[in-house]
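Structural characterization, general
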Amino acid sequence: MGSFTGRSVGLFANHGGSFAGRWILGAGSGLQALDAGDLDGDGDTDLLAATGGTTLPLFANQGGAGFGAPSPLAASGALDLTTADLDNDGDRDVAFARSGNAVGVLRNVGAGGFSAAEIYPFAGTVDAVVVGDLDNDGLPELAAVSRFSLLGILHNQGPGPFAPPTYYSVASELRSLVAADLDQDGDLDLAMASTLNAVQILFNGGSGTFTASATILLGGGGPTKIRAGDLDGDGDFDLALPCPTAHTVAVLINQGGGTFATPVQLPFGAAPEDLALADLDRDGDLDLVGASTGNGSLSLISNLGGGLFAPLQSLPVVGLPNRLLAVDLDGDGDLEIVYGVNQQGTVRILRGCSVSGTPTCIGDGSGTPCPCGNRSPVGADAGCLHSAGVGGALRASGSTRLGDDALVLAGSDLPNSTALFFQGTLAQVGGLGASLGDGLICASGSVIRLGVKNSAGGMASYPQGGDLPVSVRGAVTLPGTRIYQIWYRNPVPFCTPATYNFTNGWRVLWTP
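Residues numbered from 1 in each chain as written. Predicted model: local features only at pLDDT ≥ 70, side-chain atom pairs only at ≥ 80, totals over all residues. Heavy atoms only, no water.

A short note on the overall build of the protein chain
Let me state the cut-off plainly: To qualify as a helix, a DSSP run of H or I must reach at least 4 residues; to qualify as a strand, a run of E must reach at least 2; elements of each kind are numbered from the N terminus. When we talk radius of gyration, it's over C-alpha atoms, and the globule rule is simply 2.2 Å times the number of residues to the 0.38. Each residue is assigned to one of three classes by its accessible area relative to the maximum for its type, calculated with a 1.4 Å probe on protein chains only: buried under 20%, partly exposed between the two thresholds, exposed over 50%.
Across its full length, the protein chain carries one helix and 50 strands. The C-alpha radius of gyration computed for the protein chain amounts to 25 Å, which stays within 12% of the reference 24 Å derived for 512 residues, consistent with globular compactness. Judged by the C-alpha coordinates and their principal axes, the protein chain covers about 75 × 45 × 45 Å. Per-residue burial over the protein chain gives 56% buried out of 512 residues.

Details of the confidence of the model for the protein chain
To be explicit about the condition: pLDDT expresses, on a scale from 0 to 100, how confident the predictor is about each individual residue. In this description, contact between two residues means that some pair of their heavy atoms is separated by no more than 4.5 Å.
Counting all residues, the mean pLDDT for the protein chain is 89, and 95% of those residues have values of 70 or more. A low-confidence stretch, residues 1-17 stays under pLDDT 50, and its non-local contacts, those more than four residues away or across chains, total 61 contacts.

Quick look at the state of the cysteines
Joining two cysteines, a disulfide is a covalent bond between their sulfur atoms. Keep this limit in mind: The term disulfide is used for any two cysteine sulfur atoms that are within 2.5 Å.
Scanning the model with the defined rule gives three disulfides in all. Each sulfur in the disulfide pair Cys-361 and Cys-442 lies 2.1 Å from the other. Taking the torsion about the S-S bond as the criterion, the Cys-361 to Cys-442 disulfide, at about -75 degrees, is left-handed. With Cys-361 in the loop between β36 (358-360) and β37 (393-397) and Cys-442 in the loop between β44 (439-441) and β45 (443-444), this pair connects stretches of sequence that are 81 residues apart. The class for Cys-361 is buried, based on a relative accessible area of 5%. Here the disulfide map of the protein chain reads 1-5, 2-4, 3-6, the bonded cysteines being numbered as they appear in the sequence.

Quick look at the sheet that holds strand β7 (residues 78-84)
Stated precisely, the cut-off is as follows: When DSSP locates at least two bridges between a pair of strands, those strands are taken to pair. Every axis corresponds to a line fitted to the C-alpha atoms, with the helix fit spanning only the stretch in contact, and the corresponding angles, defined between N-to-C directions, vary from 0 to 180 degrees.
Judged by pairing direction, the sheet is antiparallel, and its four strands sit side by side in the order β7-β8-β9-β12 without closing on themselves. In this open sheet, the two edge strands, each paired with only one partner strand, are β7 and β12 (118-121). Strand-to-strand twist across the sheet, computed as the mean angle between neighbouring axes with direction ignored, equals 20 degrees. Taken together, the six bridges between β7 and strand β8 (residues 93-98) define a ladder with antiparallel strand orientation. Counterpart to Thr-83 in the pairing with β8 is Val-94.

Some remarks on unusual backbone geometry
Pro-463 follows Tyr-462 through a cis peptide bond whose omega is 0 degrees. Position of Pro-463 relative to the elements: it lies in the loop between β47 (460-462) and α1 (470-473). Unusually for a residue other than glycine, Asn-88 sits at a positive phi of about 55 degrees. The exposure class of Asn-88 is partly exposed, given its relative accessible area of 47%. Located in the positive-phi region is Asp-381, a residue other than glycine, with phi close to 50 degrees. Tracing the backbone through its elements, the reader meets Asp-381 in the loop between β36 and β37.

Side note on the packing of aromatic side chains
Operational definition: Planes of paired rings set the category: under 30 degrees apart is stacked, over 60 is edge-to-face and the rest tilted, where pairs are Phe, Tyr or Trp rings (Trp by its six-membered ring) whose centres lie within 6.5 Å.
Counting across every chain of the model gives eight aromatic pairs. With centroids separated by 5.8 Å and ring planes inclined at 90 degrees, the aromatic side chains of Tyr-168 and Phe-210 adopt a geometry described as edge-to-face. Of this pair, Tyr-168 sits in strand β16 (residues 166-169) while Phe-210 sits in strand β20 (residues 210-217), and the two are 42 residues apart along the sequence. The exposure classification of Tyr-168 matches that of Phe-210, with both residues buried. An angle of 40 degrees between the planes, with centres 6.4 Å apart, marks the rings of Phe-421 and Tyr-462 as tilted. Of this pair, Phe-421 sits in strand β41 (residues 418-424) while Tyr-462 is found in strand β47, placing the two residues 41 residues apart along the sequence. A residue is classified by how much of its surface remains accessible, and Phe-421, at 0% relative accessible area, is buried. A relative accessible area of 2% places Tyr-462 in the buried class. The rings of Phe-422, Trp-487, Tyr-500 and Phe-502 are connected pair by pair, giving a single aromatic cluster.

So, the side chain of Asp-334
Note the cut-off: Pairs of N or O atoms within 3.5 Å make up the polar contacts considered here, provided that, within protein, one atom can donate a hydrogen while the other can accept it, and that residues adjacent in sequence are counted only when both atoms are side-chain atoms.
With respect to the helices and strands, Asp-334 occurs in the loop between β33 (321-327) and β34 (336-341). A polar atom in the side chain of Asp-334 sits 3.4 Å from the backbone nitrogen of Cys-353. At a separation of 2.7 Å, a polar atom in the side chain of Asp-334 contacts the main-chain amide nitrogen of Val-355. When residues no more than four places from it in sequence are discounted, the contact partners of Asp-334 are Arg-282, Asp-328, Gly-352, Cys-353, Ser-354 and Val-355.

Structural notes on the pairing of strand β27 (residues 272-278)
Of all seven residues that make up β27, six are buried, and the element is covered over most of its length. In this sheet, strand β28 (residues 287-292) lies alongside β27 in antiparallel orientation, the contact comprising six bridges. Looking at the pairing, Ala-276 lines up with Val-289 of β28.

So this is what it looks like as structure tokens:
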């Protein structure tokens with residue numbers, strides 16, 4: 001799944017991609033829940049934590065997944081939370097489970113501002129809350145579970161308040177729930193983790209009423225968080241639950257129509273408390289990553305496809321993680337791992353480095369036209385076509401921290417010729433590129449040659465062997481953005497008489 005590096009997490013090798021430890025955010029003691037979303041409307045993904053205290057700490061993303069001090073949102077006693085647009089106004093609101101038998105709502109008034117909390121009394125202490133359009137009216141409902149063996153649904157009445165809860169009795173005390181179309185009939189069903197070592201499912205009858213149910217026994221383990229995702233690639237939702245007392249994760253494969261195979265218990269670290277389903281290795285399958293409080297580690301199981309999984313891998317981390325998210329915080333296309341440490345009251349971020357940066361100045365006609373109409377296909381994110389009928393492409397991976405530079409620039413689909421890697425401080429024509437040779441030049445400003453390589457099999461990369469790191473060779477001493485590109489020889493007569501071309505550009509944000 002990746003190698004994991006950083007000053008606080010040591011080194012962890014696996015099957016592709018990488019993560020680097022960097023950010024530590026102070027959330028306050030008693031960390032209960034985490035969620036992510038663009039809460040201030042600036043296009044970046046922010047973080048929100050529930051600590052059970054008088055406020056919810058909101059960490060605003062300042063770009064490139066850099067975060068400042070938290071802004072407290074008034075939401076007393078939050079034990080669980082979720083973010084979603086509850087009133088269809090385009091802003092992301094907050095719903096939270098509140099100690100003292102209630103569900104709370106904070107409505108976003110724009111630019112990260114929130115109205116006073118709306119409090120809805122609930123029968124019993126609420127442990128978990130989810131959001132979903134349960135009655136198919138275009139507005140999301142709130143569903144919550146309490147320790148008194150009750151499921152309550154708060155129907156959305158439009159821009160105004162939610163209706164009082166409609167209750168359903170369930171078989172036992174519940175720990176968490178998830179909304180997903182489990183029987184593929186177009187309605188959201190509800191699956192719940194029970195303290196009786198079972199999963200209880202309520203099937204939606206089509207208008208937000210639940211009459212049919214199913215109970216699946218897990219055989220022990222004390223399940224906590226329940227998650228839904230397509231784990232076997234057949235198009236329906238499967239279920240997975242960490243089971244801390246059994247040190248396993250229970251995987252329930254959907255066999256169609258909301259029926260599930262016998263649960264499979266996978267070894268999953270010491271006392272896993274939380275779980276995320278995410279494609280960490282970018283192979284198209286959802287992997288399993290868990291937070292284990294028993295030995296202070298993240299548990300990782302790579303999905304091999306078809307419902308088969310690789311052996312467990314364990315990544316030691318600082319503290320005893322009890323909450324977990326996998327989300328793209330820096331907008332580069334891969335996922336960060338965000339975990340909370342209850343005892344320390346901190347939120348820690350492992351930055352994903354399987355992709356570092358974003359493409360710019362693409363030769364597909366979306367910017368400056370290619371010189372001879374030789375544009376590359378839309379979606380290829382490559383440069384203008386060369387004589388072999390493909391566009392040279394540039395990608396990058398590895399840490400972009402100036403104190404831990406592991407960036408690798410990699411070119412593909414190149415002619416077998418010379419390839420010059422270079423860096424610029426500015427994007428040519430604001431990222432549209434300028435026509436030059438058979439392609440588009442993307443980098444401008446102060447330009448530095450990084451190195452010349454011979455491409456073989458269409459591939460070339462920098463650095464190699466004894467080459468200086470990219471930041472050192474490029475004299476990058478302060479955080480900021482740089483544009484990278486490959487200028488390559490294409491001696492076969494093809495387009496202009498120039499006999500050279502360029503890959504797409506690649507934008508990298510260097511961090512401290």
